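Breakdown of the fold
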Amino acid sequence: MGADGHGDGQGPGSTGLNEPQQLFIDGSYCQSSDGAAFSVVNPMTGKAIYDCASASVDDYDRAIRSASLAFNSWSRTSPTTRRLIFLKAADILEGYLQGDAPAILSAEVSATKSWVRLNILGTVAILRETAGLVTHIKGEIVPADRPGTTILIEREPLGVVFAISPWNAPVNLTARAIATPLICGNTVILKPSEFSPKSQHLVVRALQAAGLPQGCVNFLPVSPDRTPAVTEYAVKHPSVRHVNFTGSDRVGRIIAGWAATCLKRCVLELGGKAPVIVLEDANLDDAVEAVVFGALANAGQICMSTERVLLHRSIAEPFKEALLRRIKNIKVGNHEEDSEVTISGLFNAASAQRVQALLEGAVSSGAKLLCGDISTSGPNKTIMAPHVVDAVTPDMGIFHKESFGPITCLCLFDTDEEAIELANKTDFSLCAAVFSRDMMRALDVARRVKAGSCHVNGPTVYIEATLPNGGTGGSSGYGRFGGIAGVYEFTEPKIISLCKSGMRYAF
């Protein structure tokens, strides 16, 4: 790899899977200011894949200064200029499916073949849809009571945005974190997860290859030991005007606290404990299919994953039987040995141990395992089979804590009111679903469930680039990504009044 970070992979910024990953600041690749690095580990094997540069506070300071300078020109570029860069980046990224993207995602996050495709193609869709937003950054003309006055309200970009995106859907969520800020004319400092720098760098590579000017995106991975200090520095930096974070509610609360000390705006898309309400008139085949997908896609490691299934007592037994039959057909294993598996390993061994502890706590409190034996397998003990936990009640930890694993909890109810109460009984508010053949009844229930999105007769895992995804407070956070809501998040209104000459003001 040359000094500019170019390797023998696909285009500028690409490197071989086992080659070191550098920082990307002001349009150039570099080591950290003090030469620090950390190992990125394959979660399936537990072995190091490559060394990644670990950015320092000095590196972040330089990147923020670069982004501030780049903002002056990028914020004034034409809509067509921005749109064409995004469309070209989408085409480039799509080509990575035939390049090194599958190997990178497989190694870093145990991505199955289907999860790789979803990440890349979903990200391509985000870039193309976001490109279309550029001409929807609109103002308005407001009638004035004062004679001789015209009032304009324009929407202006904020400046430098600090974006922190996670490992679980590394390409998709990285694009979501930076695409709307960029198309609105902001510049970005991107902090990727320490678990998946190269997966997340794919988006930076594509944008760079598409001609995004230097300084507009800066890519700064950080080792775990440095993360608290560096993140606090960036959140509180006076040139950083906005922070977005996707991740755990624990870290989200810390970031929100830092931002509050300097009255800084945030979008925080945090955890979920998504409920699915299955009413007695539901199509059970549809409900089972949606629950299996929503609970087990990416081994349950999605913030929108179905975690709780609330069943009307009258249909509970046939639902359970159908659910267990469907789960038997799911292939679980090591994706590195069998590319056809549906569920592979969790993102590290500690996560598997945490999921095991949740299951053990539930069983000791009276819950019953209908499938799964709480064991792990694989070279690094990260593979877990699907688990269905019956007789879960609100006094159990598993009812309230996000599992981020292949777990489906079953609870019973007798009335719609009881179902709604159970659905709203956690501190999470990201998403939900309702199943019923009576659309108006389902609509009424959906409106009363505390969630940023509630799907009728569909899975909890569902989002499109146009939709304002986010929670309604609590442990799911606040603020919205996507569509026009994203434009409002990453711009601010500015009032400009135009006055005729000769005005006289009485006071």
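In what follows, the structure referred to is the one given above.
Residues numbered from 1 in each chain as written. Predicted model: local features only at pLDDT ≥ 70, side-chain atom pairs only at ≥ 80, totals over all residues. Heavy atoms only, no water.

1. Examining unusual backbone geometry
In terms of backbone geometry, most residues other than glycine have negative phi values and most peptide bonds are trans. Of note, Lys381 is a non-glycine position whose phi angle comes to about 55°, a positive value. Residue classification places Lys381 among the partly exposed residues on the basis of a relative accessible area of 48%. Non-glycine residue Ala391 carries a positive phi angle of around 60°. Tracing the sequence through the fold places Ala391 in the loop between strand 15 (387-390) and helix 12 (397-400). (Buried < 20%, exposed > 50% of the residue type's maximum accessible area, 1.4 Å probe, protein only. Helix = DSSP H or I, 4+ residues; strand = E, 2+ residues; numbered from the N terminus.)

2. A word on the sheet that holds strand 20 (residues 491-499)
Strand order in the open sheet formed by three strands is 5-6-20, with antiparallel pairing between adjacent strands. The strands lining the two open edges of the sheet, one partner per strand, are strand 5 (140-142) and strand 20. Ignoring which end each strand starts from, the neighbouring axes of this sheet average 30° apart. For strand 6 (residues 149-157) and strand 20, the ladder comprises nine bridges, and the chain directions are antiparallel. (Pairing = 2+ DSSP bridges. Axes fitted to C-alpha atoms, helices over the stretch in contact; angles between N-to-C directions.)

3. Some thoughts on the environment of Leu212
Along the chain, the position of Leu212 falls in the loop between helix 6 (197-209) and strand 9 (217-219). Given the relative accessible area of 12%, Leu212 is considered buried. Spatially, the C-alpha atom of Leu212 lies 37 Å from that of Leu296, the residues being 84 residues apart in sequence. Leu212 has contacts with Trp74, Ile85, Leu182, Leu207 and Val217, leaving out every residue within four places of it along the chain. (Contact = heavy atoms within 4.5 Å.)

4. Some details on the packing of aromatic side chains
Counted under the stated rule, the structure contains six aromatic pairs. Residues Trp167 and Phe347 carry aromatic rings whose centres are separated by 3.9 Å and whose planes lie at 20° to one another, so their mutual orientation is stacked. Of this pair, Trp167 sits in the loop between strand 7 (160-164) and helix 5 (170-183) while Phe347 sits in the loop between helix 10 (316-328) and helix 11 (349-364), and the two are 180 residues apart along the sequence. For Trp167, a relative accessible area of 10% translates into the label buried. (Phe/Tyr/Trp six-rings, centres within 6.5 Å; stacked < 30°, edge-to-face > 60°.)

5. Points about a nonpolar patch on the surface
On the surface, Tyr462, Ile463 and Leu467 cluster together into a nonpolar patch covering about 230 Å² of accessible area. Take Tyr462: it is sitting in the loop between strand 18 (453-456) and strand 19 (477-478). (Patch = residues over 30% accessible without salt bridge, like charges linked within 9 Å, V, L, I, M, F, W, Y side chains within 5 Å. Areas by Shrake-Rupley, 256 points an atom, 1.4 Å probe, with all protein chains shown as cover. Salt bridge = Lys/Arg side-chain N within 4 Å of Asp/Glu carboxyl O.)

6. Brief notes about the pattern of salt bridges
Under the defined criterion, the tally for this structure stands at 24 salt bridges. Residue Glu156 is joined to Lys494 by a salt bridge in which the shortest nitrogen-to-oxygen separation is 3.7 Å. With Glu156 in strand 6 and Lys494 in strand 20, this residue pair connects regions lying 338 residues apart in the sequence. For Lys494, a relative accessible area of 38% gives the class partly exposed. When salt bridges with common partners are traced through the structure, they connect Glu280, Asp281, Asp416 and Arg441 into a single cluster.

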